[in-house]
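Architecture and fold: a report
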Amino acid sequence: MLDYNALVAVSAVIREGSFEGAARKLNITASAVSQRIRGYEDRLGALLVIRGQPCRPTDLGQALVTHLDKVCLLEAEIPHLSHASGFLLQSEITLRIAVNADSLATWFPEAISRFTTETAICLDLLVEDETCTADRLRAGEVTAAITAQTEPIPGYKSVHLGKMQYVACATPDFAASYFSNGGTVAEFRDAPCICFDRDDALEARWLYDLHKTALPSRIHYIPSTQGFLDFTLKNVGWGLQPLALVDKYLSQGNLIEIVPDNRLAVDLHWVIPRMNSKLLNDLTIHLKNECVKHFWFDRSVGNYTV
């Protein structure tokens, strides 16, 4: 039998990063947190937490915390259980989601905020590039993810949300300086580019599709969706922007498409555990409905797939 009281302590230490933070979260002393975890580690004959600044889980510790998250989701749906004082493993349910920054800056907050209001679920969001969020699932660090990866993950199911559109943008002044001929290969080699981070391959993918050429040597890395937009508006470089974010700037003439009608569509998928959770199913419906507003959306592929 698993010691769930000890696992709650392990989870708190990992999420808060320290025994002191876990103590505040659980409303007990740091010594009590340490005793729970140390005693359980002694019984298992294995470490669960790597002590440090911050504390990190061992592989076994992460696997057990992932299991605890799923148990808490199921436990919250047992009728009348939430009214049984002291019976729940945790006083609130926290849903840990890996989400890409562009979704977080556009459609995701509206969809998820309604869900949290209706269910009283707390969120713990981990922001990653859409090509890397699924890796957080594989590592057991989150319960669900929005990802561009299509490779199946054992134990999880995937819902196709739609295609998020990106537009290669620059200000009119920047375009006049660097793209007077409409965006030739030579012009793109000279024009400074903006990328989100070194995992961001959108600009490279778009430019290769257009001209079969690589990115220029002059690249600015701006790891913030709003910062990315702000730097573009300040004539620092060109880059691919989510259409949902820059549509008004295009309409007002603050930004222009460098090469009109050459947009990039990125498929996004919602990946969740294969478990019969009403909470996760309700959240999935929320997300799919929100995506209808912001993406090209094909309802025929919006079903669960392996």
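These numbers come from a predicted model, not from an experiment.

With respect to the overall build of the protein
Per the secondary structure count, the protein includes 13 helices and twelve strands. Principal-axis analysis of the C-alpha atoms places the extent of the protein at approximately 70 × 40 × 30 Å. Residues classed as buried in the protein amount to 48% of the 306 residues present. In the structure as shown, the protein presents an accessible area of about 14800 Å², 52% of it carried by carbon and sulfur atoms.

Some words on helix α1 (residues 4-16)
Across its 13 residues, α1 extends 18 Å between first and last C-alpha, which sits within 8% of the 18 Å expected from 1.5 Å per residue. Within the span of α1, buried status applies to Ala6, Leu7, Val8, Ala9, Val10, Ser11, Ala12, Val13 and Ile14. Regarding α1, its N-cap is Asp3, as a side-chain oxygen of that residue lies 3.2 Å from the backbone nitrogen of Asn5 further along. Two residues or fewer past α1, Gly17 is found with a positive phi of approximately 90°.

Digging into the nonpolar core
Counting residues in hydrophobic clusters, the biggest one holds 64 residues, and the most contacted among them are Trp107, Trp206, Trp238 and Trp270. Among the elements that take part in this core, α1 stands out by supplying eight residues, more than any other. Core analysis: the next-biggest nonpolar cluster, separate from the first, contains nine residues, Leu245, Val246, Leu250 and Leu255 among them.

Some thoughts on the packing of aromatic side chains
Here the structure, examined in full by the defined rule, presents seven aromatic pairs. For the pair Phe188 and Trp238, a centre-to-centre distance of 5.1 Å together with 75° between the ring planes defines the contact as edge-to-face. Remark: Trp238 occurs in the loop between α11 (225-233) and β9 (239-242) and Phe188 occurs in helix α9 (residues 185-190); sequence separation between them is 50 residues. Residue Trp238 is classed as buried on the basis of its relative accessible area, which comes to 0%.

Looking at the confidence of the model for the protein
Mean pLDDT over the protein stands at 88; residues scoring 70 or higher make up 91%. Contacts from residues 297-306, a stretch scored under 50 in pLDDT, to residues over four places away or in other chains number 25 contacts.

Some words on the packing of helix α6 (residues 108-119) against helix α13 (residues 278-294)
Interaxial distance between α6 and α13 falls to 9 Å at its minimum, and their mutual angle equals 150°. The angle between α6 and α13 falls in the class roughly antiparallel. For the crossing formed where α6 meets α13, the hand is right-handed. For the pair formed by α6 and α13, the contact residues are Phe108, Glu110, Ala111, Ile112, Arg114, Phe115, Glu118 and Thr119 on the first element and Leu279, Asp282, Leu283, His286, Leu287, Glu290 and Lys293 on the second. Tallied by class, the residues present in the contact of α6 with α13 amount to seven nonpolar, two polar and six charged.

So, the packing of α1 against helix α2 (residues 19-26)
α2 packs onto α1 with a crossing angle of 120° between their chain directions and a minimal axis gap of 8 Å. Here α1 is positioned oblique relative to α2, judged by the angle of their axes. Pair α1 / α2 crosses with right-handed handedness. Residues Val8, Ala9, Ala12, Val13 and Glu16 of α1 pack against Phe19, Gly21, Ala22, Lys25 and Leu26 of α2. The residue inventory of the contact of α1 with α2, partitioned by class, reads seven nonpolar, one polar and two charged.

Some details on empty space enclosed by the protein
Using a probe with the size of a water molecule, rolled over the atoms, empty space left in the structure can be pinpointed. Scanning the entire structure with this criterion turns up one cavity of 30 Å³ or more. Taken as a whole, the largest cavity encloses approximately 130 Å³ of empty space. As for the largest cavity, its lining consists of 15 residues, and the residues nearest its centre are Asp102, Glu130, Phe196, Asp200 and Thr225. Mapped by element, the contributors of at least two residues to the lining of the largest cavity are α5 (101-104), α11 and β9. It is β9 that contributes the most residues to the lining of the largest cavity, three residues altogether. Here the lining of the largest cavity is composed, by residue class, of seven nonpolar, three polar and five charged.

Thoughts on the pairing of strand β11 (residues 264-273)
Counting buried positions along β11 yields nine of ten residues, so the element is predominantly enclosed. Bridge count between strand β5 (residues 144-147) and β11: three bridges; the pairing is antiparallel. Its bridge partner lying in β11, Ile146 is registered against Trp270. Here strand β6 (residues 156-170) pairs with β11 via ten bridges, running antiparallel. Within β11, the position partnered with Val159 by the bridge is Trp270.

Calculation notes
- Residues take numbers from 1 onward in each chain, read along the sequence in its written order.
- Where totals are concerned, whole chains, interfaces and linings use all residues; where local detail is concerned, this predicted model gives features only for residues with pLDDT of at least 70, and gives and counts side-chain atom pairs only at 80 or more.
- Side-chain figures throughout are based on the complete set of non-hydrogen atoms in the structure, without hydrogens or water.
- A run of DSSP states H or I qualifies as a helix once it reaches four residues; a run of E qualifies as a strand once it reaches two. Both are numbered from the N-terminal end.
- Only protein chains enter the accessibility calculation, which uses a 1.4 Å probe; a residue is then buried when its area is under 20% of its type maximum, exposed when over 50%, and partly exposed in between.
- Methods summary: accessible areas were calculated by the Shrake-Rupley approach with a probe of 1.4 Å, and residue burial reflects only the protein chains presented.
- How far a helix is expected to stretch is found by multiplying one less than its residue total by 1.5 Å.
- Think of a polar contact as two N or O atoms within 3.5 Å of one another; within protein, one of them needs to be a possible hydrogen donor and the other a possible acceptor, and neighboring residues in sequence only count if both atoms come from side chains.
- Grouping buried Ala, Val, Leu, Ile, Met, Phe, Trp, Tyr and Cys residues that are joined through side-chain atoms within 4.5 Å yields what is termed a nonpolar core.
- Any pair of Phe, Tyr and Trp rings, taking the six-membered ring for Trp, is counted once the centres come within 6.5 Å. Such a pair is stacked with planes under 30 degrees apart, edge-to-face with planes over 60 apart, and tilted for the rest.
- Every residue gets a pLDDT, meaning the predictor's confidence in that residue, from 0 to 100.
- We call two residues in contact whenever any of their non-hydrogen atoms come within 4.5 Å of each other.
- Note on geometry: axes are C-alpha line fits, over the in-contact stretch for helices, and angles between N-to-C directions span 0 to 180 degrees.
- By definition in this entry, angles of less than 35 degrees are roughly parallel, angles greater than 145 are roughly antiparallel, angles of 65 to 115 are roughly perpendicular, and the rest are oblique.
- Rotating anticlockwise by less than a right angle from the far helix to the near helix defines a left-handed crossing, while the corresponding clockwise rotation defines a right-handed one.
- Under the convention adopted here, Pro, Cys and the residues Ala, Val, Leu, Ile, Met, Phe, Trp and Tyr are nonpolar, Asp, Glu, Lys and Arg are charged, and Gly plus all remaining residues are polar.
- Every definition here rests on a 1 Å grid over the protein atoms only: cavities are sets of points where a 1.4 Å probe fits but cannot get out, pockets are open sets enclosed by protein on both sides within 12 Å along at least five of seven lines, and lining residues have some atom within 4 Å of a point.
- Grid points are joined across faces, edges and corners, and a volume is the space filled by probe spheres set on the points.
- Two strands are counted as paired when DSSP detects at least two bridges linking them.

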